[in-house]
Every structure is written in C-alpha cells, then in structure tokens.
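Topology and contacts: notes
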Amino acid sequence: MNSLEPTVFLVDDDPAVRDSLSLFLSLKGFRIQPFASAEDFLAVYSTQYPGCLVLDVQLSGMDGLALQARLVEKNIGLPVIVMTAYGDVATARAALKGGAVDFLEKPIDVELLYKAVHEAFDRDRSSRIRESEKIELEARLSFLSEREKQVLTLVVDGKHNREIAAALGISPRTVEVHKARIMEKCRVPRLTDLLRIVLKNSLLQSPR
C-alpha cells in the first residue's frame, strides 16, 4: 500500500455493497481499499495512511460504531463516514457525536457519498498539515535555551516587553534580542505566526 496516496477504506460485510461502492468511487478517481470486517481493517490500517473510512454500522463481529469508538480511543483521526440500512436518530446521533463526517442511509445516494468523501479527504489533509506543523515546531522549540523558553511563554501569555523584562530581571532590549533568536531558531518570519501555532497546539505551559 502506498501510504502517501489518500485512500477510501471501505468496510462493509455485504460483497455487493463493497463491489458497487468500490466501482463508483474508483470511477470517480478515488483509490479504494475494501474490507469485509472491522477486524480486517484494524489488522491493516496504520495512521500513516491518509484518506477516510466509509463504514457500515451493521457488521459481523465488531460493529461500525464500536470501530469508530476504537479509533477515537486510540486517538486515530481518520475521518469516518457512517452508513446504515437501519437508520434511526439514536444511531445517527452516536455516529455524529463520535465525529463522523456524515451519516448516510442505504441504499446509498452515491452523489452524497461522493461529496462526503471529498469533505473527509479535505478534513484529513488539513489535520495532517496541522500535525506536521506541530511536530516540526516542537522539534524547533527544543533548541531554545531556557531563557528563550521563558520569554516565549510570557509572550504567549500576552505580556509586553517591559513586563517580560521586569518578570525575568532583564532589560527590554535583551527581551527583543531573545525574541529575534526565538524567531530565527523556529524559522518563522513573524512572531505572530509563531504565537498562532503555539497557541493552537498548546505547545507551551503557562509560567508558574
């Protein structure tokens, strides 16, 4: 399996459904990986594989909602599209509350499925970009000196140069020097760009 190519992972224990949906999606240009059970999917899937999961609720063995819950439990952010032939409010609510992109009733409206897969791919792509950005910044933050981390933490906390200087017993000019070094080490052109990423990902703890 090419881990870099977005894939629709299709889990349904009905061979006819797997075949028809696989054919439709492949004709639309998507790469498809079908599975007959949740267990088969779990045995193969790795978080490095991008894409989305199209998942039937009624499965032999582990059911669809249980698989969705397992992914949440393992902190696997693969977007999920849930299908069922026996739709009810409680099932739809459970699926959507678990983070499903969409809840589709069988027989599947293929155009709705097509739109849902596009949305799921967009979500997955954005999520992976954010995660990559976070990991990269975490690595760069590790190269900051202890003083630079203190300065950055106070900047993130909304403190101005004079407040930071007073808190750390240094001059405002020295605070500016530390900020310049922080931006250089983190390879960001503007401090606001760095703050956006740090705040979004909760990368620094507030000072004690």
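This text follows the structure it describes.
The sections below set out a description of the structure shown in this document. (Residues numbered from 1 in each chain as written. Predicted model: local features only at pLDDT ≥ 70, side-chain atom pairs only at ≥ 80, totals over all residues. Heavy atoms only, no water.)

Before going further, it helps to examine the overall build of the protein chain. Within the protein chain, the regular secondary structure consists of nine helices and five strands. Counting from the amino terminus, helix and strand elements in the protein chain follow one another as β-α-β-α-β-α-β-α-β-α-α-α-α-α. Computed over its C-alpha atoms, the radius of gyration of the protein chain comes to 23 Å, more than 25% above the 17 Å expected for a compact globule of 208 residues. The dimensions of the protein chain, computed from C-alpha atoms along their principal axes, are 70 × 35 × 30 Å. Sorting the 208 residues of the protein chain into buried and exposed places 41% on the buried side. Excluding contacts between residues fewer than 6 apart, the proportion of contacts in the protein chain whose partners are at least 24 apart in sequence is 65%. As displayed, the protein chain has an accessible area near 11,600 Å², and 51% of this comes from carbon and sulfur atoms. (Helix = DSSP H or I, 4+ residues; strand = E, 2+ residues; numbered from the N terminus. Rg over C-alpha atoms; globule rule 2.2 N^0.38 Å. Buried < 20%, exposed > 50% of the residue type's maximum accessible area, 1.4 Å probe, protein only. Contact = heavy atoms within 4.5 Å. Areas by Shrake-Rupley, 256 points an atom, 1.4 Å probe, with all protein chains shown as cover.)

In terms of nonpolar packing, the biggest core is built from 22 residues, with Phe9, Phe41, Leu53 and Leu67 touching the most fellow members. Counting residues in hydrophobic clusters, the runner-up holds 20 residues, among them Val17, Cys52, Val101 and Leu104. (Core = buried A, V, L, I, M, F, W, Y, C linked by side-chain atoms within 4.5 Å.)

Take unusual backbone geometry next. Glycine aside, negative phi is the norm for most residues, and most peptide bonds take the trans geometry. For the peptide bond that leads from Lys106 to Pro107, omega is 0°, which places it in the cis range. One can find Pro107 in the loop between β5 (102-105) and α5 (110-141). Even without being a glycine, Asn75 presents a positive backbone phi close to 60°. With respect to the helices and strands, the residue Asn75 is situated in the loop between α3 (64-73) and β4 (80-84). Residue classification places Asn75 among the exposed residues on the basis of a relative accessible area of 71%.

Think of a ball as big as a water molecule: rolled over the atoms, this probe shows where empty space is left. Of the volumes computed, that of the largest pocket is approximately 480 Å³. Contributions of two or more residues to the lining of the largest pocket are made by α5 and α9 (191-201). It is α5 that provides the largest number of residues to the lining of the largest pocket, a total of seven residues. Looking at the lining of the largest pocket residue by residue, the class counts come to five nonpolar, five polar and seven charged. (1 Å grid on protein atoms, 1.4 Å probe; cavity = no way out; pocket = protein on both sides within 12 Å on 5 of 7 lines; lining within 4 Å. Points joined across faces, edges and corners; volume = space filled by probe spheres on them. Nonpolar A, V, L, I, M, F, W, Y, C, P; charged D, E, K, R; others polar.)

It is worth spelling out helix α6 (residues 146-156) at this point. Among all positions of α6, only Glu148, Val151, Leu152, Thr153, Leu154 and Val155 are buried. Looking at the residues trailing α6, positive phi occurs at Gly158, about 90°.

Moving on to the pattern of salt bridges. Tallied over the full model, the rule gives ten salt bridges. Here Asp122 and Arg125 are joined by a salt bridge, their closest N and O atoms 2.8 Å apart. With Asp122 and Arg125 both in helix α5, this residue pair falls three residues apart, about one helical turn. By relative accessible area, which is 44% here, Arg125 ends up partly exposed. Through salt bridges with shared partners, a single ionic network connects Asp12, Asp56 and Lys106. (Salt bridge = Lys/Arg side-chain N within 4 Å of Asp/Glu carboxyl O.)

With that settled, the discussion passes to the pairing of strand β1 (residues 7-11). Here β1 lies mainly inside the structure; five of its five residues are buried. Side-chain alternation along β1 places Thr7, Phe9 and Val11 on one buried face and Val8 and Leu10 on a second face that is also buried. Pairing analysis gives five bridges linking β1 to strand β2 (residues 31-35), with the strands arranged parallel. The residue of β2 that forms the bridge with Phe9 is Gln33. Handedness of the crossover joining β1 and β2 through helix α1 (residues 15-27): right-handed. Pairing between β1 and strand β3 (residues 51-56): five bridges, direction parallel. Counted as the bridge partner of Val11 is Leu55 from β3. (Pairing = 2+ DSSP bridges. Right-handed = clockwise from strand over helix to strand, strands pointing away.)

Shape is all these values report; function is a separate question.
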